[in-house]
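Geometric and topological summary
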Amino acid sequence: MIDLHCHTRESDGTDAPHALVELAAASGISTLSITDHDTFAGYDATVAHAAGLGVELICGVELSCRHEEKTVHLLGYFPGPAGAPAAFRDWVAGILASRTERNRKLIEKLNGMGIDITLDEVQAIGGSVTGRPHFANVLVAKGHATDRNDAFRRLIGEEGAAFVERIGPTLAEAASRIQESGGVSSLAHPVRIGYFREPEKELALMAELRESGLSAVEVYHSDHTAALSERYLEFAQLLGLLQTGGSDYHGGNKPGLRLGAVPVPNSVLEGLRSVGF
Ligand code: AMP
Ligand code: ZN
Ligand code: FE
Ligand code: FE
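In what follows, the accompanying structure is described. (Residues numbered from 1 in each chain as written. Chains lettered and ligands numbered in written order. Predicted model: local features only at pLDDT ≥ 70, side-chain atom pairs only at ≥ 80, totals over all residues. Heavy atoms only, no water.)

1. Quick notes on the coordination of the zinc ion (ligand 2)
Around the zinc ion (ligand 2), the protein supplies Asp 12 (OD), Asp 12 (OD), His 37 (NE2) and His 250 (NE2) as donor atoms, at distances of 2.0 to 2.6 Å. Coordination at the zinc ion (ligand 2) comes from four donor atoms whose angles at the metal span 51 to 170°, giving a geometry best classed as irregular. Between consecutive donors of the zinc ion (ligand 2), the numbers of intervening residues give the motif D-x24-H-x212-H. The two metals, the zinc ion (ligand 2) and the iron ion (ligand 3), are separated by 5.5 Å. With His 37 in the loop between strand S2 (31-34) and helix H2 (41-53) and His 250 in the loop between strand S7 (242-246) and helix H10 (266-273), the pair connects residues that are 213 residues apart, well separated along the chain. For His 37, a relative accessible area of 8% corresponds to the buried category. (Donors = N, O, S within 2.8 Å, 3.2 Å for Na, K, Ca; no water. Tetrahedral: all angles 85-135°; square planar, octahedral: opposite > 155°, others 65-115°. Helix = DSSP H or I, 4+ residues; strand = E, 2+ residues; numbered from the N terminus. Buried < 20%, exposed > 50% of the residue type's maximum accessible area, 1.4 Å probe, protein only.)

Following this line, the structure appears as structure tokens:
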């Protein structure tokens with residue numbers, strides 16, 4: 001089995017990196033990529049452990065990018081045991097710094113609304129990356145929201161009263177950075193871009209991004225119906241792009257979604273092998 005999209009508690013998952021790799025081995029996954037948001041900490045911590053368990057671990061990351069007022073996720077995969085090169089890691093560290101700045105502003109806004117919450121409290125429950133899912137958990141734990149959905153809807157989501165926008169790279173910039181760094185970028189869960197009722201727009205975006213260095217499309221994902229996966233496979237093949245896929249497992253932060261839950265065909269790995277993985 002193959003799973004090229006999952007998160008550890010270094011970003012917004014709940015499993016420790018070691019535990020995730022052990023779960024992969026126990027689940028019969030032979031090739032795994034940890035794709036935490038904005039950090040390689042989970043990958044770096046488990047390279048040796050994965051090798052010992054006979055799990056092939058591919059260095060990955062998921063970046064939140066801007067595209068026409070939308071936030072679109074882009075996956076980056078890097079071949080070889082060292083994974084992403086130093087220059088790319090430095091660039092990602094800059095993204096992480098802008099996230100911390102956003103988190104400070106979010107705390108200020110929440111405090112301004114009379115909500116008692118500190119950055120330390122939120123950072124304490126996360127790993128290398130503190131994101132809004134951590135804010136949601138603290139807001140619920142402290143009784144400021146009835147559940148995580150309520151926290152996003154009323155407070156920290158795009159329509160929420162305390163929402164603060166985070167300035168990230170554009171999709172084109174991120175795709176080109178990944179390519180320059182010897183990696184493969186993949187347009188994550190294309191259904192979430194919001195053009196799924198206008199397939200011609202999806203295809204046009206993929207074609208446009210290919211010019212910036214996009215290498216692949218995430219065809220197989222837990223949010224995709226069989227019909228959507230078929231569509232994205234067709235688009236990828238039409239454009240000569242590689243295909244990737246995975247569950248987007250987040251542990252307890254996405255209850256009911258198992259690691260390896262999404263079947264990913266071997267052709268995905270064969271495609272990656274053909275470009276040096
Ligand atoms: P951040 O990168 O810190 O801005 O947080 C983004 C993450 O928050 C996304 O990857 C989702 O996991 C989660 N998220 C965003 N909006 C919502 C929402 N409306 N409901 C639940 N989770 C959300
Ligand atoms: Zn995530
Ligand atoms: Fe994503
Ligand atoms: Fe993800």
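Next comes the rest of the description.
2. A closer look at the coordination of the iron ion (ligand 3)
Only Glu 62 (OE), His 73 (ND1) and His 189 (NE2) from the protein reach the iron ion (ligand 3) as donors, at distances of 2.0 to 2.2 Å. All donor residues of the iron ion (ligand 3) come from one chain, and their arrangement in sequence is E-x10-H-x115-H. The class of His 73 is buried, set by a relative accessible area of 18%.

3. Description of the nonpolar core
Counting residues in hydrophobic clusters, the biggest one holds 62 residues, and the most contacted among them are Leu 32, Leu 63 and Phe 88. Of all the elements, strand S3 (residues 56-67) adds the most residues to this core, at six residues. Ignoring sequence-local partners within four residues, the contact set of Phe 88 consists of Phe 40, Val 61, Leu 63, Phe 78, Arg 177, Ile 178 and Ser 181. (Core = buried A, V, L, I, M, F, W, Y, C linked by side-chain atoms within 4.5 Å. Contact = heavy atoms within 4.5 Å.)

4. Details of the site of ligand 1
The full set of residues close to ligand 1 is Asp 12, His 73, Arg 99, Arg 102, Gly 131, Arg 132, Pro 133, Phe 152 and Arg 166. Interatomic distance of 3.4 Å between a side-chain N/O atom of Arg 166 and an oxygen atom of ligand 1. In the complex, 66% of the free accessible area of ligand 1, which totals 500 Å², lies under the protein chains. Listed by contribution, the elements that provide at least two residues to the shell around ligand 1 are helix H3 (86-112) and helix H5 (132-141). Looking at the shell around ligand 1 residue by residue, the class counts come to two nonpolar, two polar and five charged. (Near = heavy atom within 4 Å. Polar contact = N/O pair within 3.5 Å; in protein donor to acceptor, adjacent residues only side chain to side chain. Areas by Shrake-Rupley, 256 points an atom, 1.4 Å probe, with all protein chains shown as cover. Nonpolar A, V, L, I, M, F, W, Y, C, P; charged D, E, K, R; others polar.)

5. A look at helix H1 (residues 17-26)
If you check which residues of H1 are buried, you get Pro 17, Leu 20, Val 21 and Ala 24. Seen along its axis, H1 keeps its buried residues to an arc of 95°; they face one direction. Tucked into the core, H1 has its buried residues touching S2 and H2. Just past H1, the residue Gly 28 takes up positive phi, approximately 80°. (Arc of directions from axis to C-beta.)

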